[in-house]
Amino acid sequence: MGAGAARSAAGHRFGPVALVVAGGLSVQFGSAVAVLLMPRAGALGVVTLRLVLAAVVLLAVCRPKVRGYGRADWATVVAFGTAMAGMNILFYQAVDRIPLGAAVTLEVLGPLILSVVASRRLMNLLWAGLALGGVVLLGGGGFDRLDPLGAAFALAAGAMWATYIVFSARTGRRFPQADGLALAMAFGAVLSLPFGIAEAGGRLLVPSTIGLGLAVALMSSVLPYTLELLALRRLPAPTFAILMSLEPAIAATAGFLVLSQALSVTDALAIALVIAASMGAVRTQARRRDAL
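Reference entry: report on the structure contained in this document. (Residues numbered from 1 in each chain as written. Predicted model: local features only at pLDDT ≥ 70, side-chain atom pairs only at ≥ 80, totals over all residues. Heavy atoms only, no water.)

A count of helices and strands for the protein chain gives 11 helices and 0 strands. Counting from the amino terminus, the protein chain carries its helices and strands in the arrangement α-α-α-α-α-α-α-α-α-α-α. For the protein chain, the proportion of its 292 residues judged to be buried stands at 51%. In the protein chain, once contacts between residues fewer than 6 apart in sequence are set aside, the share between residues at least 24 apart is 89%. (Helix = DSSP H or I, 4+ residues; strand = E, 2+ residues; numbered from the N terminus. Buried < 20%, exposed > 50% of the residue type's maximum accessible area, 1.4 Å probe, protein only. Contact = heavy atoms within 4.5 Å.)

Below, the structure is given as structure tokens:
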């Protein structure tokens with residue numbers, strides 16, 4: 001294999017991984033900004049701003065066609081949009097009650113369980129187990145001290161996150177570019193709108209709040225969801241789900257930089273474990289492709 005072919009193969013392997021990591025960085029730093037916005041609009045108000053503004057941006061950019069799709073295509077979009085709205089509503093209810101790092105740590109259990117259920121390879125199960133160990137360690141054994149309702153919301157958000165992964169992949173296969181994402185985001189925005197209006201009302205229309213909401217929408221929805229949808233076209237769902245174990249590490253870093261939440265030595269060790277698990281999953285997938 002020549003040098004050019006080797007570089008091309010490496011790009012094919014790690015391109016989707018780079019998309020996932022970039023999306024994770026964007027969404028977690030966006031979540032940190034959202035925590036700062038909550039005193040102005042409330043948790044449900046932030047969700048509504050995020051989804052509505054993201055839908056407006058995606059619809060304007062993608063201009064998706066609505067004709068030529070069958071019932072199964074629209075059912076996929078509805079399921080994707082419902083999962084997206086549910087995941088966001090539940091997650092922001094969690095971070096309104098418990099720290100960002102803990103919320104993401106509990107939430108990521110959903111994708112980890114998906115990776116175990118969906119994977120048919122022993123190595124992926126081992127990497128998922130290592131990532132789970134890092135997730136538990138990042139919790140520091142202190143989950144029992146968290147607000148029970150906040151922890152329950154985070155776990156429920158994890159279940160919706162696993163559903164989101166499944167239907168994001170299906171939507172990416174059924175719709176060109178990011179058209180399916182734009183349509184699903186619009187549906188999710190409509191679902192969230194009554195909750196946001198009920199909680200925040202006129203506060204949603206304050207210009208400075210809209211500005212921050214747009215930043216959250218771009219960082220936490222438009223960019224990461226687009227990157228993830230593109231990645232899932234080239235990356236198996238089990239491997240993608242294991243890569244989601246990076247999210248607690250990214251969230252802990254975002255909490256430290258944006259919300260002044262300090263990292264302990266145990267946190268650093270946990271981050272190392274989840275990164276090692278993610279790298280192992282990527283290498284396993286790369287070797288499997290080489291063997292084909």
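Within the largest apolar cluster, 81 residues are counted, with the highest numbers of intra-cluster contacts made by Tyr92, Leu181 and Met185. When residues of this core are assigned to their parent elements, the largest contribution, 18 residues, is made by helix 1 (residues 3-62). Not counting chain neighbours up to four residues away, the residues in contact with tyrosine 92 comprise Ser31, Ala34, Met38, Ala43, Val46, Val47, Arg50, Val216 and Ser220. (Core = buried A, V, L, I, M, F, W, Y, C linked by side-chain atoms within 4.5 Å.)

With that settled, consider unusual backbone geometry. Even without a glycine there, the phi angle at arginine 63 is positive, about 45 degrees. Note on placement: arginine 63 falls in the loop between helix 1 and helix 2 (71-95). Relative accessible area serves as the criterion here: at 70%, arginine 63 is assigned to the exposed category.

Across all of its chains, the model carries 6 aromatic pairs by this definition. Look at tyrosine 69 and phenylalanine 175: their rings are 4.4 Å apart centre to centre, the planes differ by 40 degrees, and that puts the pair in the tilted class. Within this pair, whereas tyrosine 69 is found in the loop between helix 1 and helix 2, its partner phenylalanine 175 is found in the loop between helix 6 (148-174) and helix 7 (179-200), the two being separated by 106 residues in sequence. Summarising the aromatic geometry, the rings of tyrosine 164 and tyrosine 225 are spaced 5.2 Å apart at their centres and angled 45 degrees between planes, so their arrangement reads as tilted. Taken as a pair, tyrosine 164 in helix 6 and tyrosine 225 in helix 8 (residues 207-232) lie far apart in primary sequence, 61 residues in all. In this structure tyrosine 164 comes out as buried when scored by relative accessible area, which is 1%. Residue class for tyrosine 225 comes out buried when judged on its relative accessible area of 3%. Feature note: the residues Tyr69, Trp74 and Phe175 constitute an aromatic cluster, connected by ring pairs. The cationic tip of arginine 170 hangs over the ring face of phenylalanine 167; the distance from NZ or CZ to the ring centre is 5.0 Å. (Phe/Tyr/Trp six-rings, centres within 6.5 Å; stacked < 30°, edge-to-face > 60°. Lys NZ or Arg CZ within 6 Å of the ring centre and 35° of its normal.)

Another point: helix 8. Between its terminal C-alpha atoms helix 8 stretches 36 Å, which fits the 38 Å expected from 26 residues at 1.5 Å a residue. At leucine 218, helix 8 shows its maximal bend, which comes to roughly 40 degrees. (Expected span 1.5 Å × (residues − 1). Bend = angle between axes of the 7 residues up to and from the residue.)

At a closest axis distance of 8 Å, the pairing of helix 2 and helix 7 adopts a crossing angle of 50 degrees. Of the possible angle classes, the one that applies to helix 2 and helix 7 is oblique. The hand of the helix 2/helix 7 crossing is right-handed. On helix 7, the residues touching Trp74, Val77, Val78, Phe80, Gly81, Thr82, Met84, Ala85 and Ile89 of helix 2 are Gly180, Leu181, Leu183, Ala184, Met185, Phe187, Gly188, Leu191 and Phe195. (Axes fitted to C-alpha atoms, helices over the stretch in contact; angles between N-to-C directions. Parallel < 35°, antiparallel > 145°, perpendicular 65-115°, else oblique. Left-handed = near helix turned anticlockwise from the far one by under 90°.)

Attention shifts here to the pattern of salt bridges. Enumeration over the complete set of coordinates arrives at 1 salt bridge. Notably, a salt bridge pairs arginine 174 with aspartate 73, separated by 2.7 Å at the nearest N-O pair. Highlighted residues: arginine 174 in helix 6 and aspartate 73 in helix 2, separated in sequence by 101 residues. Residue classification places aspartate 73 among the buried positions, given a relative accessible area of 14%. (Salt bridge = Lys/Arg side-chain N within 4 Å of Asp/Glu carboxyl O.)

Attention shifts here to helix 7. With 22 residues, helix 7 should cover 32 Å at 1.5 Å per step; its first-to-last C-alpha distance of 30 Å lies within 8% of that length. A bend of about 35 degrees at serine 192 is the largest found in helix 7, and the proline proline 194 appears one to four places after it. Two residues or fewer past helix 7, glycine 201 is found with a positive phi of approximately 55 degrees.

Another point: the side chain of glutamine 93. If you trace the backbone, glutamine 93 turns up in helix 2. Side chain to side chain, glutamine 93 and arginine 97 meet in a polar contact 2.8 Å long. Other than its neighbours up to four places away in sequence, glutamine 93 contacts Ala43, Leu44 and Phe153. (Polar contact = N/O pair within 3.5 Å; in protein donor to acceptor, adjacent residues only side chain to side chain.)

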